[in-house]
Amino acid sequence: MTSLEQFRLHVEEALRRYWECVKAEEEEYAEDYERVTFMEYEAPAPDPCAEAFSRLVAVGAYGEAWGRREDLDLGALRERVYGALDKG
């Protein structure tokens with residue numbers, strides 16, 4: 001298995017964990033989930049799921065080593081993850 005294939009597996013695992021985190025947040029906040037996620041987006045408070053994902057994936061390293069981070073298939077998570085990454 002090439003290092004690129006290994007890294008893609010790593011990304012897929014991180015994405016799976018991200019969805020688990022989002023699901024756990026949805027269950028924790030129930031009917032307040034939309035309000036809470038809006039506050040996370042509007043406030044300087046970090047998005048814990050996106051931060052965990054970014055640490056697991058090391059998207060910046062992917063871009064430097066193999067290509068552009070935009071090439072990763074993040075689907076509906078793209079804006080949320082890149083937003084968290086770009087906030088630093």
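Residues numbered from 1 in each chain as written. Predicted model: local features only at pLDDT ≥ 70, side-chain atom pairs only at ≥ 80, totals over all residues. Heavy atoms only, no water.

**Q** Teacher, can you tell me more about the nonpolar core here?
**A** The nonpolar side chains of a soluble globular protein tend to be buried with one another. Counting residues in each nonpolar core, the largest one holds 16 residues, and the members touching the most others are Tyr18, Phe53, Val57, Leu74 and Val81. Among the elements of the structure, α1 (3-29), α3 (48-57) and α5 (78-87) are those that each provide at least two residues to this core. The element best represented in this core is α1, accounting for six residues. Not counting the four nearest positions on each side in its chain, Leu74 is found in contact with Phe53, Val81 and Tyr82. (Core = buried A, V, L, I, M, F, W, Y, C linked by side-chain atoms within 4.5 Å. Buried < 20%, exposed > 50% of the residue type's maximum accessible area, 1.4 Å probe, protein only. Helix = DSSP H or I, 4+ residues; strand = E, 2+ residues; numbered from the N terminus. Contact = heavy atoms within 4.5 Å.)

**Q** Sorry if this is basic, but what is going on with the pattern of salt bridges here?
**A** Pairing between side chains of opposite charge can happen when their charged atoms approach one another. As enumerated under the stated definition, the model contains four salt bridges in all. With a shortest N-O distance of 2.4 Å, Arg16 and Glu13 are connected by a salt bridge. A residue pair is termed a helical-turn pair when its members lie 3 or 4 positions apart in one helix, as Arg16 and Glu13 do in helix α1 at three residues. We classify Arg16 as partly exposed; its relative accessible area is 39%. Relative accessible area serves as the criterion here: at 29%, Glu13 is assigned to the partly exposed category. Arg16 serves as the salt-bridge partner of Glu20, at 2.2 Å between the closest nitrogen and oxygen. Taken together, the residues Glu20 and Arg16, both in helix α1 and four residues apart, mark about one turn of the helix. According to the relative accessible area criterion, Glu20 is partly exposed, its value standing at 44%. Connected through shared salt-bridge partners, Glu13, Arg16, Arg17 and Glu20 make up one network. (Salt bridge = Lys/Arg side-chain N within 4 Å of Asp/Glu carboxyl O.)

Note that all results are geometric; they support no functional claim without further evidence.
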